[in-house]
Amino acid sequence: MGIISYEKKLFGATIYRNLYSCSTTSICTSTPVRELFKESPHRVKLHMCDSYSKVHHALEQESLGRPSENIPYGKQAKSFNTYETVESFCQMNSIGTKPTKFILCTALNSCAKTLNWQLGLQIHAYMIHSGHDDNLFLSSALVDFYAKCGAIMDARKVFDEMKTHDQVSWTSFIAGLSQNGQGRDAFYMFKEMLCTQIKPNCLTYVGVITACAGLKEAFELGLSLHSHVIKFGFNTNSFVGQLFNDCYAKWGSIDHAVLLFDEIHERDAILYNSLISGYSQNLCGKSALELFMKMRNNNLSPTDYTFTSIVNACGFLTVLFQGKKVHSLVIKIGSERNVFVNSSLIDMYSKCGDINGACCIFDQTCEKNNVLWTSMIMANAQSGRGSDALKLFEHLLTEEGFIPDHICFTAVLTACNHAGLCDKGIEYFNKMRTTYGLFPDVVCLLS
DNA sequence: CTAGGGTTAG
């Protein structure tokens, strides 16, 4: 891993920076910008820039790409605006206009949404350079930016260095911790916030509930949070209601989830998706299908999320006719390229015994990933095509740089079992530990 | 004139 150095200019400020590789891991281990400003030859230096033409060129080479086609339909318009914001900002920069704190705030917000790490860093640099770094709005936006880019340590540093905190900065940081898998810390920060004068609002609750949903002792914490929410009257907020709905479904209390669902009167597609997924994950396929019909009767258009869960339910119920009907709707709505939907479809077709249907979906999917590949290996394995499954697996290893996980090995071992290739199975079982560092339980081999 | 939120697959 070599050291890559780069030079960036923004509004007359030049940043020199050394990075260990430009992969996303550098984001997590990055040095906070403020540190980089210390005068040191190998660190960042700030001085006046004489050529603005270089700026635009440098920025063009960065991650200012267009949003990919995978962005969910509903979010696309918003996302384009965000990209346009970044572009206008860069144009402003190239003609030498100085940005105001309002513009910086909007641009930083767009950087957070589009994960534009390089530009966000430069804005932070400019904030320090121009004395905007104690602005509450900008600091909150910065906390959000770092957290969204996965640099939670940097987010914490910005948060800690703020002179005063308000509702938004607390909420941004709590949400950031939660999004970075530090649910426990998010919960502690929430408790700390309750000790201050700043009162939480519904967005704060969204952050802390999401955090709590991923924890081991979630149920206990969730119940106390829920009573807290009811006490302060936030239970009528549809976001908060939906999250609890989701939590109860995740914890297996599907009855609780249904009660909550009935209490919410303004039901949007996401709320339906959430309960349909809850039914599907709790193996209540029939209820999932019924709710799906209800959703359609209410003129709510199904999304990729809906299809993924409902196809899953069809697979569980092994209702091929229903499954095919949903599949045609998938094509009609235009979700046939979504990798989540297609993994579910492959699984559904194979569970219903239609291996050719599964193969068709697999062949038609342009952007494949580990889960989709594993679905296809499993589909072959369970349809008695053990050797096809292994052929696919070997092809992926040699041609596609595929790194299998333990679920994939379960599929491979199932294939060996069905094809009667006991020796091969033991060979893979050993490879699992030696080559991939996966520690299987013996059940894997026995299956 | 500027900031923060929810749902999906093997």
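Residues numbered from 1 in each chain as written. Chains lettered and ligands numbered in written order. Predicted model: local features only at pLDDT ≥ 70, side-chain atom pairs only at ≥ 80, totals over all residues. Heavy atoms only, no water.

For the rest of this paragraph, the subject is the overall build of chain A. Looking only at helices and strands, chain A has 25 helices and two strands in total. Per-residue burial for chain A yields a buried fraction of 47% across its 447 residues. Counting only contacts in chain A whose residues sit at least 6 apart along the sequence, the fraction spanning at least 24 positions is 58%. (Helix = DSSP H or I, 4+ residues; strand = E, 2+ residues; numbered from the N terminus. Buried < 20%, exposed > 50% of the residue type's maximum accessible area, 1.4 Å probe, protein only. Contact = heavy atoms within 4.5 Å.)

What follows concerns the pattern of salt bridges. Inspection of every chain in the model, using the stated rule, returns seven salt bridges. Measuring nitrogen to oxygen at the nearest pair gives 2.7 Å for the salt bridge that ties lysine 148 to aspartate 144. Of the two residues, lysine 148 and aspartate 144 both sit in helix H7 (residues 136-148), four residues apart, roughly one turn of that helix. (Salt bridge = Lys/Arg side-chain N within 4 Å of Asp/Glu carboxyl O.)

Taken together, the neighbourhood of DNA strand B is formed by 44 residues, with Asn109, Asp166, Gln242, Asn273 and Thr374 sitting nearest. When atoms of DNA strand B within 4 Å of the protein are split into backbone and base, the sugar-phosphate part holds 33%. At a separation of 2.5 Å, a phosphate oxygen of DNA strand B approaches a polar side-chain atom of asparagine 109. Side-chain polar atom of asparagine 273 to a base oxygen of DNA strand B: 2.5 Å apart, as the coordinates give it. Tallied by class, the residues present in the surface near DNA strand B amount to 14 nonpolar, 20 polar and 10 charged. (Near = heavy atom within 4 Å. Polar contact = N/O pair within 3.5 Å; in protein donor to acceptor, adjacent residues only side chain to side chain. Nonpolar A, V, L, I, M, F, W, Y, C, P; charged D, E, K, R; others polar.)

Quick look at the packing of helix H17 (residues 304-317) against helix H19 (residues 339-351) now. Contact geometry of H17 with H19 gives a least axis separation of 8 Å together with a crossing angle of 10 degrees. Classified by the angle their axes make, H17 and H19 are roughly parallel. The two elements H17 and H19 meet at a crossing, and its hand is left-handed. In this structure, H17 contributes Asp304, Phe307, Thr308, Val311, Asn312, Cys314, Gly315 and Phe316 to the contact, and H19 contributes Phe340, Val341, Ser344, Leu345, Asp347, Met348 and Lys351. Taken together, the residues that form the contact of H17 with H19 break down as eight nonpolar, four polar and three charged. (Axes fitted to C-alpha atoms, helices over the stretch in contact; angles between N-to-C directions. Parallel < 35°, antiparallel > 145°, perpendicular 65-115°, else oblique. Left-handed = near helix turned anticlockwise from the far one by under 90°.)

Taking 1.5 Å of rise per residue, the 13 residues of H19 would be expected to cover 18 Å, and the 18 Å separating its terminal C-alpha atoms lies within 8% of that figure. By the criterion of burial, H19 is predominantly enclosed, with 10 of the 13 residues buried. All buried positions along H19 are accounted for by Val339, Val341, Asn342, Ser343, Ser344, Leu345, Ile346, Met348, Tyr349 and Ser350. The residue sitting at the N-terminus of H19 and contributing the capping side-chain oxygen is asparagine 338; that oxygen lies 2.8 Å from the backbone nitrogen of phenylalanine 340. Once H19 finishes, glycine 353 follows within two positions and takes phi at roughly 85 degrees, a positive value. (Expected span 1.5 Å × (residues − 1).)

A separate point is the environment of serine 309. Secondary-structure assignment places serine 309 in helix H17. Residue serine 309 is classed as buried on the basis of its relative accessible area of 10%. Separated by 32 residues in sequence, serine 309 and serine 277 have C-alpha atoms that sit 5.1 Å apart. Sequence-distant contacts of serine 309, defined by excluding residues within four places in its chain, comprise Ile276, Ser277 and Ser280.

Annotation from UniProt places "repeat: PPR" (unreviewed entry) at residues 166-200, 268-302 and 369-404. The span residues 166-200 shows a helical share of 71% and a strand share of 0%, and its end C-alpha atoms are spaced 10 Å apart. The span residues 268-302 shows a helical share of 74% and a strand share of 0%, and its end C-alpha atoms are spaced 11 Å apart. (UniProt positions renumbered as here; feature names shortened; annotations may be inferred.)

Let us look at the packing of aromatic side chains. One pass over the structure, following the stated rule, counts 16 aromatic pairs. Ring plane angle 65 degrees and centroid distance 5.6 Å describe the contact between phenylalanine 190 and tyrosine 205, whose orientation is recorded as edge-to-face. Within this pair, whereas phenylalanine 190 is found in helix H10 (residues 183-194), its partner tyrosine 205 is found in helix H11 (residues 202-213), the two being separated by 15 residues in sequence. Like phenylalanine 190, the residue tyrosine 205 is buried in the burial classification. (Phe/Tyr/Trp six-rings, centres within 6.5 Å; stacked < 30°, edge-to-face > 60°.)

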